[in-house]
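Analysis of the macromolecular model
What follows is each chain in one-letter form.
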Amino acid sequence: MARPLTPSSVSRRSFLEGTAALGVASIFGSSILATGAKAQTAAANANVLSASHWGLFRAKVEGGIFKEIKPFEGDKRPSKILPGVLDAVYSPTRIKYPMVRAGYLKDGPKSDRSKRGADEYVRVTWEKALDLIADEMKRVATEYGPSSIFVGSYGWHSPGKLHNSVTCLQRMASFLGECTMHTGTYSSGATRIILPHVTGRMEHLQPQTSWPVLIANTEIAVMWGADLLVTNDICDNLTTHECYEWFEAFKKKGTKVICIDPVRTASAKYFNAEWIAPRPNTDVALMLGIAHTLMAEKLHDAKFLETYTTGFDQFAAYLKGEKDQTPKTAEWAAKIAGLDAALIKRLAHDFAKNRTMLMGGLSLQRGHHGEQTHWMMITLASMLGQIGLPGGGFGMSYHVDDGGVPATNGPALPGLSSKPATPGQPLAVEKTKAGQTPPSKAIPCARIVDMLENPGKTIDFNGQKVVYPDVRLVYWAGGNPFMHHQDRNRMLKAYQKIETFIVNECQWTASARHADIVLPATTTCERDDIVDHGYYTNSGIIPMKKIVEPLYEARDDYEIFRELSKRLGREKEYTEGKSQMDWIKSFYDQAAKQAAAKKLPMPSFDEFWNKNEPVFFPITQEGRDFIANKEFRDDPLLSALPTPSGKIEIFSKNIDKMGYDDCKGHPTWMEPAEWLGGKTVDKYPLHVISSHSSMRLHSQLCGTVLRKQYAVAEREPCLINPKDAAARGIKAGDVVRVFNGRGQMLAGAVLTDDIREGVVRVCEGGWYDPAEPGKAGTLCKYGDVNVLTLDIGTSKLAQSNIAHTVTAQMEKYTGPAHAVTVFTTPKNG
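Residues numbered from 1 in each chain as written. Predicted model: local features only at pLDDT ≥ 70, side-chain atom pairs only at ≥ 80, totals over all residues. Heavy atoms only, no water.

1. Description of the overall build of the chain
- Helices and strands together make up the secondary structure of the chain, namely 28 helices and 29 strands.
- For 829 residues, the compact-globule estimate of 2.2 N^0.38 gives 28 Å, and the C-alpha radius of gyration of the chain, at 26 Å, lies within 12% of that figure.
- The buried share of the chain, taken over its 829 residues, is 64%.
- Within the chain, contacts between residues separated by at least 24 positions form 77% of all contacts whose residues are at least 6 apart in sequence.
- A total accessible area of about 29400 Å² is found for the chain, and carbon and sulfur atoms account for 50% of it.
- The averaged location of the 91 negative side-chain charges in the chain is 2 Å from the averaged location of its 98 positive side-chain charges. (Helix = DSSP H or I, 4+ residues; strand = E, 2+ residues; numbered from the N terminus. Rg over C-alpha atoms; globule rule 2.2 N^0.38 Å. Buried < 20%, exposed > 50% of the residue type's maximum accessible area, 1.4 Å probe, protein only. Contact = heavy atoms within 4.5 Å. Areas by Shrake-Rupley, 256 points an atom, 1.4 Å probe, with all protein chains shown as cover. Lys, Arg positive; Asp, Glu negative; His and termini not counted. Charge placed at Lys NZ, Arg CZ, Asp CG, Glu CD.)

2. Points about the pairing of strand 17 (residues 473-477)
- Counted residue by residue, strand 17 has five buried out of five residues, so it is predominantly covered.
- The side-chain alternation of strand 17 yields two buried faces, one formed by L473, Y475 and A477 and the other by V474 and W476.
- Both strand 17 and strand 18 (residues 500-505) contribute to a ladder of five bridges, which runs parallel. Its bridge partner being in strand 18, V474 is matched across the sheet by F501. (Pairing = 2+ DSSP bridges.)

3. Things to note about the environment of M451
- With respect to the helices and strands, M451 occurs in helix 17 (residues 448-453).
- The exposure class assigned to M451 is buried, which follows from its relative accessible area of 1%.
- Once the C-alpha coordinates of M451 and V467 are considered, the two residues, 16 residues apart in sequence, prove to be 8.8 Å apart.
- Every residue in contact with M451, bar those within four places of it in the chain, is listed here: F150, T180, I443, Y468, P469 and V471.

4. Description of the sheet that holds strand 21 (residues 540-544)
- The antiparallel open sheet is built from three strands, whose spatial order is 20-21-22. Unpaired on one side and paired on the other, strand 20 (529-533) and strand 22 (615-616) mark the two borders of the sheet.
- Across five bridges, strand 20 lies against strand 21 in antiparallel orientation. For D532, the partnering residue across the bridge sits in strand 21 and is I541.
- Sheet strands touched by helix 23 (residues 580-597): strand 20, strand 21 and strand 22. Its angle to strand 20, the strand with the most contacts, is close to 30°. (Axes fitted to C-alpha atoms, helices over the stretch in contact; angles between N-to-C directions.)

5. Let's talk about helix 19 (residues 488-495)
- Among the eight residues in helix 19, seven count as buried, and that is most of the element.
- Within the sequence span of helix 19, burial applies to R488, N489, R490, M491, L492, A494 and Y495.
- For helix 19, the secondary structure elements touched by its buried residues are helix 17, strand 17, helix 18 (481-484) and strand 18.

6. Things to note about the pairing of strand 19 (residues 517-520)
- The alternating pattern of strand 19 places I517 and L519 and V518 and P520 on opposite faces, both of which are buried.
- By the bridge criterion, two bridges tie strand 4 (residues 99-101) to strand 19 in an arrangement that is antiparallel. Within strand 19, the residue paired with V100 across the bridge is I517.
- Bridge count for strand 18 against strand 19 is four bridges, and the pairing is parallel. By the bridge assignment, I502 is partnered in strand 19 with I517.

7. Notes on the pattern of salt bridges
- Per the counting criterion, the structure on display carries 53 salt bridges.
- Two residues, K76 and E245, come together in a salt bridge whose shortest N-O distance is 3.9 Å. With K76 in the loop between strand 3 (65-71) and helix 2 (83-90) and E245 in helix 9 (residues 243-253), this pair connects stretches of sequence that are 169 residues apart.
- We note a salt bridge from K546 to E549, for which the minimum N-O separation is 3.6 Å.
- A single salt-bridge network, built from bridges that share partners, covers E127, D131, E559, R562, E563, R567 and E571. (Salt bridge = Lys/Arg side-chain N within 4 Å of Asp/Glu carboxyl O.)

8. Topic: the nonpolar core
- Of all hydrophobic cores here, the largest spans 152 residues; its most connected members are F66, W224, I290 and Y495.
- Looking at this core, the element that brings in the most residues is helix 11 (residues 283-296), giving nine residues.
- Counting residues in hydrophobic clusters, the runner-up holds 52 residues, among them L130, C168, C179 and I560. (Core = buried A, V, L, I, M, F, W, Y, C linked by side-chain atoms within 4.5 Å.)

9. Concerning helix 9
- All of the buried residues along helix 9 are C243, Y244, W246, F247 and F250. Looking straight down helix 9, one finds its buried side chains confined to an arc of 155°; they lie on one side.
- The inward-facing, buried residues of helix 9 contact helix 7 (211-217), strand 8 (220-224), helix 8 (228-231), strand 9 (256-260), helix 10 (266-270) and helix 25 (621-624).
- G254, located one to two residues past helix 9, shows a positive phi value of around 85°. (Arc of directions from axis to C-beta.)

10. Quick word on the environment of G577
- Tracing the backbone shows G577 in the loop between helix 22 (571-575) and helix 23.
- The sequence separation of G577 and G361 amounts to 216 residues, and the corresponding C-alpha distance is 44 Å.
- Ignoring sequence-local partners within four residues, the contact set of G577 consists of K572 and D582.

11. Describing the packing of aromatic side chains
- Using the criterion set out here, one finds 30 aromatic pairs in the structure.
- Both rings, one in Y270 and one in F271, keep their centres 4.9 Å apart while their planes meet at 90°; by these two values the pair is edge-to-face.
- Note on F271: relative accessible area 6%, which makes it buried.
- An angle of 45° between the planes, with centres 6.2 Å apart, marks the rings of F605 and F608 as tilted. Here F605 pairs with F608, and both are found in helix 24 (residues 605-611), just three residues apart, close to one helical turn.
- Looking at F605, the relative accessible area reads 5%, which means it is buried.
- Grouping aromatic residues by their ring pairs yields a cluster made of W211, Y244, F247, F250, Y270, F271 and Y398.
- Here the basic side chain of K328 rests over the ring of W332, its NZ or CZ set 6.0 Å away from the ring centre. (Phe/Tyr/Trp six-rings, centres within 6.5 Å; stacked < 30°, edge-to-face > 60°. Lys NZ or Arg CZ within 6 Å of the ring centre and 35° of its normal.)

Shape is all these values report; function is a separate question.
Given below as structure tokens:
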């Protein structure tokens with residue numbers, strides 16, 4: 001059980017001292033704990049159930065202060081991250097009031113944009129801030145067209161079906177007209193484009209063969225670029241970590257586990273796995289070497305390939321090297337991956353002789369030509385012929401959202417829509433000159449910076465042409481682009497091109513520090529909401545009751561965008577005549593109707609809300625026995641896949657017709673832009689990988705006391721092999737400078753044999769802390785790994801990010817001392 005956390009135990013005395021005047025009116029006419037919109041009053045003393053990305057919890061409230069957090073008693077493995085949820089409420093990085101950059105307040109959109117990140121902020125009233133935003137959005141939409149407003153606002157926003165900040169933003173923006181949005185994600189951008197061509201589905205969003213089936217049948221589990229123990233600690237909505245009891249049962253069964261990763265992960269250690277550490281970004285070559293061995297030794301399942309796949313002949317010709325005169329043998333693969341050819345051949349034999357489940361992680365596709373990894377993994381699984389059999393085949397989401405946990409037959413909980421029921425006539429129309437191609441309305445999220453740099457540019461994307469709009473205003477809510485996006489210095493300069501940058505945030509993240517207008521949003525602990533439990537399992541519905549009243553002048557995102565809609569003359573259309581509680585009740589009641597049809601009992605909404613307890617649904621036998629692709633295997637005609645052929649497309653005619661030079665018609669090894677066998681290795685001999693941290697979700701909670709448990713010399717930790725460290729005179733605990741031609745950052749050295757020689761790891765999500773704010777190329781004092789990363793698309797097919805394709809150099813830092821300052825409020829903030 002996680003230790004309860006109290007404000008005093010996390011040294012937040014500054015907060016308690018700063019709120020000694022609770023209830024006293026501020027100079028702007030509202031108390032520190034008041035919002036502009038009246039919300040239900042949280043009980044001054046209570047025990048409240050609520051939820052987070054890290055699980056359910058109970059909050060102890062005394063005197064109106066969130067005093068203690070305890071994991072929900074039904075949680076199978078309470079998250080060690082939960083204490084950060086409490087600390088985030090009282091963090092010194094909280095944004096307290098509406099703030100406007102001084103230069104922008106003076107000169108508006110004509111201000112000196114190079115001052116972003118360095119300028120002071122000025123506190124303004126809510127009325128002033130909202131008027132500024134509404135007027136500016138109307139101006140840009142009218143002068144340049146709605147496409148000049150970008151409201152993509154991607155990110156892992158807070159869980160909850162009402163206060164989905166991205167949805168609230170896009171709902172409000174719909175009144176202006178067709179504003180520009182994003183498509184895809186940084187997490188799975190390549191996979192979600194390539195796999196619909198291969199199996200007709202986004203496989204990373206599909207149910208996985210259940211863990212009970214794996215325990216009973218799997219003989220080898222291959223965790224390929226997937227750290228199940230770490231990334232299942234969080235969930236897209238929320239979890240009670242059911243997967244961990246199945247992990248324990250799987251481990252007790254003694255099933256052989258192989259972890260293929262440059263790092264010996266937490267999962268590798270937990271499962272006592274065989275650790276295989278290829279060079280980063282060479283997984284496709286490794287799979288090809290295994291595939292060639294299967295084919296050359298006739299270990300592949302020819303009958304399965306003939307019955308359930310199409311295009312194997314074209315792929316086999318590539319394996320043999322008929323066109324390029326390069327057979328993709330184990331020896332060929334070994335030279336690329338930096339492994340022994342005998343090992344590769346042994347893997348082929350073991351996979352073929354045993355019931356093998358290939359568990360692919362999304363990290364594999366976050367590299368140059370990332371489309372190839374999961375396509376090749378499915379091709380390899382097809383050659384083994386075990387797809388649709390108990391415990392065999394492939395799975396792309398065992399490492400997220402409790403993938404493989406037996407599902408229920410529970411109802412689906414709806415949420416707020418980004419499109420109002422009656423939006424009315426848009427306030428602005430697109431301005432397109434005669435003969436000019438209209439700009440696209442959805443931009444691949446990994447190409448946002450390229451879009452800002454190149455208005456009017458046309459790029460290829462999944463067989464289509466995307467035309468970049470001329471974006472003048474960016475509004476971001478529910479995310480942190482100055483963490484998520486690659487090549488921070490390029491991004492810094494690109495954002496200086498836009499006229500206005502607006503951010504809703506609860507913390508002073510790097511994105512907020514570079515915005516022109518910053519609005520203080522509530523945390524999940526300061527508002528009412530409702531959420532479903534289990535992304536794949538549909539196992540429950542959870543009340544997310546407000547724990548404490550909003551601090552300072554923070555407001556809910558829903559209320560912020562209601563006020564902006566009011567200024568656009570569309571408040572009724574935005575709210576549809578409902579209060580926040582009306583919306584929450586309507587979501588529950590719709591789910592209750594579904595449950596009634598399934599004969600699943602649910603209490604009335606009032607009973608559910610007042611009792612403040614979860615509603616859980618029972619696991620079904622079908623959920624326990626679920627085998628992915630079983631129906632397709634049993635009857636490939638009646639249960640054909642939604643591909644052009646109805647089969648697994650090892651060769652895709654559709655992709656082939658696109659004629660892309662960087663994504664062929666079948667899985668192909670293509671050399672990454674940067675790797676340990678590439679041209680940059682002489683100057684930058686270390687490959688940098690950026691795994692998910694075990695102590696936060698992306699950048700969420702980086703600004704809390706959790707950081708004290710992992711920071712090294714007050715910086716983001718950097719794993720380095722002892723041999724690489726010795727060659728550079730680096731010792732454990734040293735501050736190191738990691739750098740390449742794109743940027744430089746400081747980090748704290750952690751020496752370990754658990755990382756391949758020639759590879760270093762800095763987890764993504766560290767807050768960008770520039771030594772010279774606003775200046776491109778300056779040193780990041782804390783350790784934002786994206787100052788180093790390369791910002792080009794995976795290929796013309798998916799145009800996704802390649803965060804894991806980056807080489808750099810490292811040295812012991814001997815420069816001037818730089819205090820980390822990003823975890824305190826900016827001047828006047």
